[in-house]
Amino acid sequence: MDVIRSVDTMHALALGWRARGKKVGFVPTMGYLHRGHTTLIELMRQRCEILVVSIYVNPLQFAPTEDLSRYPRDPEGDARKCQAAGCDVLFMPDNLYPPDFRTTVDVSGLTSRWEGAARPTHFQGVATVVCRLFGLVQPTVAMFGEKDFQQFTVLKSMARDLAMGIEIVPGPLVRDHDGLALSSRNVYLSADERARALTLHRALYAIRDHASPDAEVRKAAGRSILQCDGLDYLEIVDPETLEAAPVIDRPLRAIATARYGRTRLLDNVAVLPA
Ligand code: PAF
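Report follows, based on the coordinates. Not measured: the values here are computed from a predicted model.

Calculation criteria
Residues numbered from 1 in each chain as written. Predicted model: local features only at pLDDT ≥ 70, side-chain atom pairs only at ≥ 80, totals over all residues. Heavy atoms only, no water. Near = heavy atom within 4 Å. Polar contact = N/O pair within 3.5 Å; in protein donor to acceptor, adjacent residues only side chain to side chain. 1 Å grid on protein atoms, 1.4 Å probe; cavity = no way out; pocket = protein on both sides within 12 Å on 5 of 7 lines; lining within 4 Å. Sits in = over half its atoms within 2 Å of the grid points. Salt bridge = Lys/Arg side-chain N within 4 Å of Asp/Glu carboxyl O. Helix = DSSP H or I, 4+ residues; strand = E, 2+ residues; numbered from the N terminus. Buried < 20%, exposed > 50% of the residue type's maximum accessible area, 1.4 Å probe, protein only. Expected span 1.5 Å × (residues − 1). Contact = heavy atoms within 4.5 Å. Pairing = 2+ DSSP bridges.

Regarding the site of the ligand
Looking at the ligand, the residues that line it are Pro28, Thr29, Met30, Gln61, Val129, Phe144 and Gln151. Within the side chain of Gln61, a nitrogen or oxygen atom sits 2.6 Å from an oxygen atom of the ligand. With respect to the ligand, the side chain of Gln151 contributes an N or O atom lying 2.7 Å from an oxygen atom. The pocket occupied by the ligand, as judged from atoms lying within 2 Å of grid points, is the largest cavity.

Observations concerning the pattern of salt bridges
A full pass over the atoms with the stated rule returns 21 salt bridges. Its salt-bridge partner being Asp192, residue Arg196 comes within 3.4 Å of it at the nearest N-O pair. Taken together, the residues Arg196 and Asp192, both in helix α7 (residues 191-196) and four residues apart, mark about one turn of the helix. Residue class for Arg196 comes out partly exposed when judged on its relative accessible area of 38%.

Brief notes about helix α6 (residues 149-161)
Between its first and last C-alpha atoms α6 spans 18 Å; for 13 residues at 1.5 Å apiece the expected length is 18 Å, and the two agree. Across the 13 residues that make up α6, a large majority, 10, are buried. When we look at burial in α6, the residues that qualify are Phe149, Gln150, Gln151, Phe152, Thr153, Val154, Leu155, Ser157, Met158 and Ala159. Of the surrounding secondary structure, the elements contacted by the buried residues of α6 are α4 (115-118), α5 (122-137), β5 (141-145), β6 (167-171), β8 (252-260) and β9 (263-271).

Side note on the pairing of β8
With eight of nine residues buried, β8 lies mostly within the body of the structure. Note: strand β7 (residues 230-237) against β8, seven bridges, orientation antiparallel. Note that in β8 the partner of Val237 across the bridge is Arg253. Here nine bridges tie β8 to β9, and the two strands are oriented antiparallel to one another.

Some details on the side chain of Thr128
Tracing the backbone shows Thr128 in helix α5. Using a relative accessible area of 3% as the deciding quantity, one classes Thr128 as buried. A distance of 2.9 Å separates a polar side-chain atom of Thr128 from the backbone nitrogen of Val105. Only 2.6 Å separates the side chain of Thr128 from the backbone oxygen of Gln124, close enough to count as a polar contact.

Right under this line is the structure:
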């Protein structure tokens, strides 16, 4: 596995692959890799000739009040995990943006609600960094985990709207032995917060397993389990438009975000008509 830190070296290499018609797979990450990430890397390994993983903690997607400086980092451990998962090139730039960088990418509508309402500048930062990474890595196919379901929907829409010619593939949400969705931010949880956080997926499972076609009835079943003061939203949405759906008459997504101590956790499950 090659480790590349220079933006110019990465871009030159990628243009060479493109000229030779290589199928390049790409898994962008912010590092501190867990089994959720390595699952994506292993799955992408099977779909491409050259596999690139990026690690870059993107300042643009953090608000000034958020956890950029304390975001967990483990570059050496990450490199070992990437190598074991079959990565060919690990792109770990110290700085991704030129000093006079002035472009932003906005995916309107999809980004105004749910995570976007709580974190108004977040998706602009995500779309902008992913757009720049796509330009540098020139992938044929890229994978984003469904754990961040809204992010996946936003990036799929961006790639389609801008005719990027990149296939955007969902990667599975991976859970810990007790059901907690794996996230780099789980490391912030105290033992007590982690125990309380189990109600998040249990509430979503209750919504998934309820037989009613009425979304309000299913959400009430979820809320009765989620005894969490810091519940931000719990909704059943259309997976393409992310609009709240009143009736479970097609495959939908139940999405939820709650705060445990200072840590905001996201989770979601597929919801089908009974
Ligand atoms: O999901 C993440 O880790 C980040 O939002 C991403 C897509 C790598 C962009 O920084």
